[in-house]
Amino acid sequence: MKARAFDYRRVASVAEALDAHAACTGEARYLAGGQSLLPALNLRLDAPDLLIDIGRIEALRGIAIDGESLRIGALTRHSETLASPLVAAHAPILTQAAAYMAHPAIRNLGTMGGSLSLADPAAELPACMRALGATLEITGPSGIRGVPADDFFQDLYETALVPGELLTAVQVPLAASGSRMRFAEIARRRGDYAMVGLAANLVLADGIVTSARLGFCSVGPTPMRAPATEAALNGRRLDGDAFAAARATLADDLSPDDDDSLSAAARMHLARVLLGRVLAALGEGGTEAMAA
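Computed from a predicted model, the values in this text were never measured in an experiment.

Before going further, it helps to examine the overall build of the chain. When helices and strands are counted, the chain shows 12 helices and 15 strands. For 292 residues, the compact-globule estimate of 2.2 N^0.38 gives 19 Å, and the chain sits close to it at 19 Å. By its C-alpha atoms, the chain is 60 × 45 × 35 Å across when sized along the principal axes. Here the chain holds 292 residues, and 53% of them are scored as buried. Counted over contacts in the chain with a minimum sequence separation of 6, partners at least 24 positions apart contribute 62%. Within the structure as shown, the chain displays about 12,800 Å² of accessible surface, and the carbon and sulfur contribution to it stands at 52%. With 26 positive and 33 negative side-chain charges, the chain shows a spacing of 5 Å between the two charge centroids.

What follows concerns the pattern of salt bridges. One pass over the full model with this rule turns up 13 salt bridges. Two residues, E230 and R225, come together in a salt bridge whose shortest N-O distance is 2.7 Å. Among the ionic pairs, R267 bridges to D259, the shortest N-O distance being 2.7 Å. What emerges from the salt-bridge pattern is a single network uniting R130, D150, R213, R225 and E230.

With 20 residues, helix α12 (residues 264-283) extends 28 Å between its outermost C-alpha atoms, agreeing within 8% with the 28 Å of an ideal straight helix rising 1.5 Å per residue. What α12 keeps buried is the set A264, R267, M268, L270, A271, L274, L275, G276, V278, L279, A281 and L282. The inward-facing, buried residues of α12 abut β11 (179-186), β12 (196-205), β13 (208-217), α10 (227-233) and α11 (240-253).

In terms of nonpolar packing, the biggest core is built from 64 residues, with L202 and F216 touching the most fellow members. Considering each element in turn, this core owes the most residues, eight residues, to α12. Contact partners of L202, with chain neighbours within four places excluded, come to G178, S179, R180, V209, S211, A212, L214, L238, L279 and L282. One finds V14, A28, I52 and I54 within the second-largest nonpolar core, a separate group that totals 15 residues.

On to the environment of A176, then. Among the secondary structure elements, A176 is positioned in the loop between β10 (166-173) and β11. For the pair formed by A176 and A102, sequence separation is 74 residues and the distance between their alpha carbons is 30 Å.

Viewed as axis vectors pointing N to C, helix α5 (residues 92-100) and helix α8 (residues 124-132) meet at an angle of 170°, and their least axial separation amounts to 10 Å. Between α5 and α8, the angle falls in the class roughly antiparallel. Counting all contacts with α5, which are made through I93, L94, A97 and Y100, the residues of α8 involved are E124, L125, C128, M129, A131 and L132. Tallied by class, the residues present in the contact of α5 with α8 amount to nine nonpolar, no polar and one charged.

The rules behind these values
Residues numbered from 1 in each chain as written. Predicted model: local features only at pLDDT ≥ 70, side-chain atom pairs only at ≥ 80, totals over all residues. Heavy atoms only, no water. Helix = DSSP H or I, 4+ residues; strand = E, 2+ residues; numbered from the N terminus. Rg over C-alpha atoms; globule rule 2.2 N^0.38 Å. Buried < 20%, exposed > 50% of the residue type's maximum accessible area, 1.4 Å probe, protein only. Contact = heavy atoms within 4.5 Å. Areas by Shrake-Rupley, 256 points an atom, 1.4 Å probe, with all protein chains shown as cover. Lys, Arg positive; Asp, Glu negative; His and termini not counted. Charge placed at Lys NZ, Arg CZ, Asp CG, Glu CD. Salt bridge = Lys/Arg side-chain N within 4 Å of Asp/Glu carboxyl O. Expected span 1.5 Å × (residues − 1). Core = buried A, V, L, I, M, F, W, Y, C linked by side-chain atoms within 4.5 Å. Axes fitted to C-alpha atoms, helices over the stretch in contact; angles between N-to-C directions. Parallel < 35°, antiparallel > 145°, perpendicular 65-115°, else oblique. Nonpolar A, V, L, I, M, F, W, Y, C, P; charged D, E, K, R; others polar.

Structure below.
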């Protein structure tokens, strides 16, 4: 199939993009890397009247330290995330997750903002943002607002973005002293969507977990936190007893549905297996982030 006819406009600034969206009398879509939108257009799953190409807005690019946060522009490509020393030092689960994302051709074009705005529950980055406690910077006609990742992902492919708004950057808190992070997933083949994925962000002091944030993908309509499991880890050493307690509470946090590809019981089993693997890796040292 081919896309339905639409108007196309390339813009050079965020303000110009917002104006173009506001002036459209029909439906408008922002185009960044196009790795999800263009297939949807060709399959006629989406049929906007106007496509606004934001791909050349330089203000939406770049990775830099911004006060107590790592600021990642929305047009940062997955390959740039994968190669960034700043990301590797302060948010290593993003580096690890980028390596799982599809294949090099996709990573060279796909963008941070595009993935987060789509909010595919099987995608790696949304789960990472919840584990990191990131804030998503949204720009719209009323100005700029920040939305915590825990509030941004609202339902299947639904986010806190309202029509006309644009995700412009992500602010990731710089890692605290003692931070250990790990991303892993289980997929049928490397590059496929994960059957289950987990982003873990723990802080340890004298070997004791003082903070735990777990973000799962492919286990619900949104990237899922696991508050009961996080609570089961807090105050413990990362040993066999902690792993058993965490696996035992996981069913309190996750309740995936059956689907054509995998049963709910099988997905829960894989989630427990993956949780055990990730916690064991973190207990052995994992990936320590550079403290702020």
